[in-house]
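These are the residues of each chain, in order.
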Amino acid sequence: MDELIHVISNFLPKANSKNIDITPVNSGLINSTYKVDYKKSVFILQKINQFVFKDPNLIQKNYKEILKQFSVSAYPKKQLEFLETNSNLELLHHNDTFWRMSKFIKGKTYPVCKSLEMAYSAAKSLAEFHLALIGLDYNRINEPIKDFCNFNDRIQQYRESTINGDSLRLKNTQNFMDEIESNLKYIHDYIEIEKDIKKRIIHGDPKVSNFLFDEKTHKVISIIDIDTIMPGSILFDFGDMVRSFANKSYEDSQIKERIFNPDIYNALKEGYLSEANEFLSPIEKESLDLSALTVALIQCIRFLTDYYNLDVYYHVNEPEHNLKRAINQFSFFKELKANLKP
């Protein structure tokens, strides 16, 4: 607690143990996040995970470029406002760690999608995000995580984990590995299509909990995560949104009933195309379904890779956490595949 107070005092010089209240926020899988109440104001404090984000300064530089473009493209959603330290920096470097603090935006986040209205509004908001950034050269945005959208690389990492990973975990999941192997053709098809798609600036992590909603109307107030903004394929963003929003269960849930929600999926496509139809290429429109399948399977592989590597990437609450996440994603993938068959 003393370290947190010291960090906070760099952004709020008069803050001390008597006039602030600190609450951990446990919804994220990567960074360590805290809600800070101070003199009737609320802030969000984050310690950036440097295992995942090798250069935290790059994240803030990317976001500044985004904000400049938003200011000239009339992007309608609220944006994060970061506080500066006494040295006029948005990032505090403290004991080999990096911290940042932003103003709290009032609204509500959800771990799962609660309504068709939420799905439609979020997908429309993501398309607005893409549209607003079309005028910004993607070369001005740096990749915060090397090869994040490189699916060839994801498969290679997975294969390496099946050779060098924990032997007991590998032995106990052999049948699961065989199932995954039989479906990798979807990822290879996506990789081929992606060669004919232009790069754009994407969000990189448009899951349910990264959208801030009005609690009454279920309309999006803000897209609140900035860390994975990068050059890439819009198909990745749409697919990642689907795998999060159209899943009825929590990401690590092991419920037995069906978890894919086809109505939510249709609302996502309708909402996204309501804004994106004018700027998507024909091949992008035709590949939306494939992107949803592919990203779900890729996320399954990412969780399983981390499981075999003894959980070095994602926060886990118990030893089988990443395996449960991987099984959930694969169940979603299989139901989505069955739903999309003519």
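This one's a predicted model, so the numbers in the text were calculated from it and none came from an experiment.

Below, the discussion takes up the overall build of the protein chain. In terms of regular secondary structure, the protein chain is built from 12 helices and nine strands. A globule of 342 residues ought to have a C-alpha radius of gyration of about 20 Å, and the protein chain, at 20 Å, matches this closely. Along the first, second and third principal axes, the C-alpha atoms of the protein chain reach 60 × 50 × 40 Å. Counting the 342 residues in the protein chain, one finds 55% classified as buried. Considering only contacts within the protein chain whose residues lie at least 6 apart along the sequence, 74% involve residues at least 24 apart. For the protein chain, the accessible surface area stands at approximately 16300 Å², while carbon and sulfur atoms represent 48% of it.

Let's shift gears to the environment of Asn328. Mapped onto the elements of the fold, Asn328 is located in helix 12 (residues 321–340). Exposure remark for Asn328: the relative accessible area of 3% places this residue in the buried category. For the pair Asn328 and Gln254, spaced 74 residues apart in sequence, the C-alpha separation works out to 6.5 Å. Looking at Asn328, its side chain comes within polar contact range of the side chain of Asn247, at 2.8 Å.

Another aspect to go through is the side chain of Asn210. Relative to the helices and strands, Asn210 is located in the loop between strand 6 (200–202) and strand 7 (211–213). Residue classification places Asn210 among the buried positions, given a relative accessible area of 6%. If we skip the residues at most four places from it in the chain, Asn210 touches His203, Asp205, Ser222, Ile223, Ile224 and Asp225.

Turning to helix 2 (residues 56–73), a few remarks are in order. Think of an α-helix as 3.6 residues a turn; residues three or four steps apart then line up on the same face. Look at helix 2: 26 Å from first C-alpha to last across 18 residues, which is about the 26 Å you get at 1.5 Å a residue. Considered for burial, the residues of helix 2 that qualify are Pro56, Leu58, Ile59, Gln60, Asn62, Tyr63, Glu65, Ile66, Gln69 and Phe70. Among the structural elements, strand 5 (97–103), helix 3 (116–132) and strand 6 are those in contact with the buried residues of helix 2. Positive phi appears at Ala74, one or two residues downstream of helix 2, with a value of about 55°.

Moving on: helix 3. In this model, helix 3 (17 residues) spans 24 Å end to end at C-alpha, consistent with the 24 Å of a helix rising 1.5 Å per residue. With respect to burial, helix 3 is a largely interior element, 12 of its 17 residues being buried. Of all the residues in helix 3, the buried ones are Met118, Ala119, Ser121, Ala122, Ala123, Ser125, Leu126, Ala127, Glu128, Phe129, His130 and Ala132. Close packing links the buried residues of helix 3 with helix 2, strand 6, strand 7, strand 8 (220–223), helix 8 (234–245) and helix 9 (262–276).

Taken as a class, soluble globular proteins show a tendency for nonpolar side chains to be buried jointly. Counting residues in each nonpolar core, the largest one holds 95 residues, and the members touching the most others are Ile66, Ile180, Ile187, Phe245, Leu268, Tyr272 and Leu304. When residues in this core are grouped by element, the largest group, 14 residues, is from helix 11 (residues 288–308). With residues up to four places along the chain from it excluded, the contact list for Leu268 reads Ala119, Ala123, Phe238, Met241, Val242, Phe245 and Ala246. Counting residues in hydrophobic clusters, the runner-up holds 18 residues, among them Ile5, Ile22, Leu83 and Leu92.

Another point: the pairing of strand 3 (residues 41–47). In this structure, strand 2 (residues 32–38) lies alongside strand 3, joined through seven bridges in antiparallel fashion. Paired with Thr33 across the two strands is Gln46, which belongs to strand 3. Once strand 2 ends, the chain turns through two residues before running back antiparallel as strand 3, passing Lys39 with a positive phi of about 50°. The sheet contact formed by strand 3 and strand 5 spans five bridges and is antiparallel. Note on strand 5: the bridge partner recorded for Ile44 is Ser102.

Quick look at the sheet that holds strand 3 now. Taking strand neighbours across the sheet as the criterion, the five strands line up as 1-2-3-5-4 in an open arrangement whose pairing is antiparallel. Both outer strands of the open sheet, strand 1 (20–25) and strand 4 (92–94), are each paired with one neighbouring strand and no more. Strand-to-strand twist of the sheet, defined as the mean angle between neighbouring strand axes without regard to direction, takes the value 25°. The pairing of strand 1 with strand 2 spans six bridges and is classified as antiparallel. Within the sheet, the bridge partner assigned to Pro24 lies in strand 2 and is Tyr34.

On to the state of the cysteines. Inspection of every chain in the model, using the stated rule, returns zero disulfides. Left without a disulfide partner, Cys149 is nearest to the cysteine sulfur of Cys300, which lies 18 Å away.

Quick notes on the rules
- Throughout this description, residue numbers start from 1 for each chain and increase along the sequence as written.
- Only residues with pLDDT of at least 70 get local features here, since the model is predicted, and only at 80 or more are side-chain atom pairs given and counted; chain-wide, interface and lining totals rely on the full set of residues.
- Only hydrogens and water are set aside; all other atoms, that is, all heavy atoms of the structure, feed into the side-chain values.
- Secondary structure follows DSSP: runs of H or I at least 4 residues long count as helices, runs of E at least 2 residues long count as strands, and numbering of each begins at the N terminus.
- For the radius of gyration, the atom set is restricted to C-alpha positions; the globular benchmark scales as 2.2 Å times the number of residues to the power 0.38.
- Burial here depends on accessible area, computed with a 1.4 Å probe over protein chains only, as a share of the maximum for the residue type. Under 20% is buried, over 50% is exposed, and the range in between is partly exposed.
- Here, residues are in contact when the closest pair of their heavy atoms is within 4.5 Å.
- Computed with a 1.4 Å probe, the accessible areas rest on the Shrake-Rupley method; for each residue, only the protein chains presented here act as cover.
- By the criterion applied in these results, polar contacts are pairs of N or O atoms within 3.5 Å in which, for protein atoms, one can donate a hydrogen and the other can accept it, and in which residues neighboring in sequence qualify only through two side-chain atoms.
- Multiply 1.5 Å by the residue count of a helix minus one, and that product is the helix's expected span.
- The set of buried Ala, Val, Leu, Ile, Met, Phe, Trp, Tyr and Cys residues whose side-chain atoms join them within 4.5 Å is what this entry labels a nonpolar core.
- One bridge is not enough; two strands pair if DSSP finds at least two bridges between them.
- The convention used is that axes are lines fitted to C-alpha atoms, helices contributing only their stretch in contact, and that angles between N-to-C directions extend from 0 to 180 degrees.
- Note on terminology: pairs of cysteine sulfur atoms within 2.5 Å are recorded as disulfides.

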